[in-house]
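# Architecture and fold: a report
Below are the chains, spelled out letter by letter.
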Amino acid sequence: YGTFTVTSVTGPASDAGLMAGDVIFGVNGQKFAKMTDEDWAASKAERTPGATANYMVKRDGEKQEVAVLLADMPAEMASKKVGKHMMDHAQVASVQ
């Protein structure tokens, strides 16, 4: 799974101190690069609203952990993600 570079930050992530440009390379003590599909699925299942996710971050060459108290995704953001997901499926279906 590698790494994720933060491009913008709002909500709980911002409140916890994540910043644009941070490189997230793991969560809750597990590096993404070493996760199997099963590890990834279990990790996602643990990250629910009200739980704390300890993100492993590299910022300005320094490694640190940032604890983020997870919250529900705002309805507007969720609808955009679901809409894009549905459009992706519609495009795939139209090609087949």
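Let us look at the structure shown here. Since the structure is predicted, the reported quantities are computational estimates derived from the model, not experimental observations.

## Brief notes about the nonpolar core
- Counting 13 residues, the largest nonpolar core has Leu18, Ile24, Val27, Phe32, Tyr55, Val57 and Val68 as the members making the most contacts within it.
- It is strand S4 (residues 52–59) that contributes the most residues to this core, three residues altogether.
- Not counting residues up to four positions away in its chain, the partners in contact with Tyr55 are Ile24, Gly26, Val27, Arg47, Gln64, Glu65, Val66, Val68 and Leu70.

## A few points about the environment of Met73
- One can find Met73 in the loop between strand S5 (62–69) and helix H3 (75–95).
- When the C-alpha positions of Met73 and Pro12 are compared, they lie 9.9 Å apart, and in sequence the two are 61 residues distant.
- Beyond its immediate chain neighbours, meaning those up to four positions away, Met73 contacts Ala78 and Lys81.

## A closer look at the pairing of S4
- The sheet contact formed by strand S2 (residues 23–27) and S4 spans four bridges and is antiparallel. Paired with Val23 across the bridge in S4 is Lys58.
- Of the pairings in the sheet, the one linking S4 to S5 comprises eight bridges and is antiparallel in character. If you follow Val57 over to S5, its bridge partner there is Gln64.

## Quick notes on the packing of aromatic side chains
- For the coordinates displayed, the defined rule picks out three aromatic pairs.
- Both rings, one in Phe4 and one in Trp40, keep their centres 6.3 Å apart while their planes meet at 25°; by these two values the pair is stacked. In this pair, Phe4 is assigned in strand S1 (residues 4–5) and Trp40 in helix H2 (residues 37–46), connecting sequence segments 36 residues apart.
- A relative accessible area of 38% places Phe4 in the partly exposed class.
- On the basis of relative accessibility, which here comes to 18%, the residue Trp40 falls in the buried class.
- Cluster of aromatic residues (ring-pair linked, three or more members): Phe4, Phe32 and Trp40.
- Its guanidinium or amino end placed over the ring of Trp40, Arg47 lies 5.3 Å from that ring's centre, counting from NZ or CZ.
- Positioned above the aromatic ring of Phe25 is the side chain of Lys63, whose terminal nitrogen or guanidinium carbon lies 5.6 Å from the ring centre.

Scoring rules and cut-offs
- Residues numbered from 1 in each chain as written.
- Predicted model: local features only at pLDDT ≥ 70, side-chain atom pairs only at ≥ 80, totals over all residues.
- Heavy atoms only, no water.
- Core = buried A, V, L, I, M, F, W, Y, C linked by side-chain atoms within 4.5 Å.
- Buried < 20%, exposed > 50% of the residue type's maximum accessible area, 1.4 Å probe, protein only.
- Helix = DSSP H or I, 4+ residues; strand = E, 2+ residues; numbered from the N terminus.
- Contact = heavy atoms within 4.5 Å.
- Pairing = 2+ DSSP bridges.
- Phe/Tyr/Trp six-rings, centres within 6.5 Å; stacked < 30°, edge-to-face > 60°.
- Lys NZ or Arg CZ within 6 Å of the ring centre and 35° of its normal.

Remember, this is a structural readout, not a statement about activity or role.
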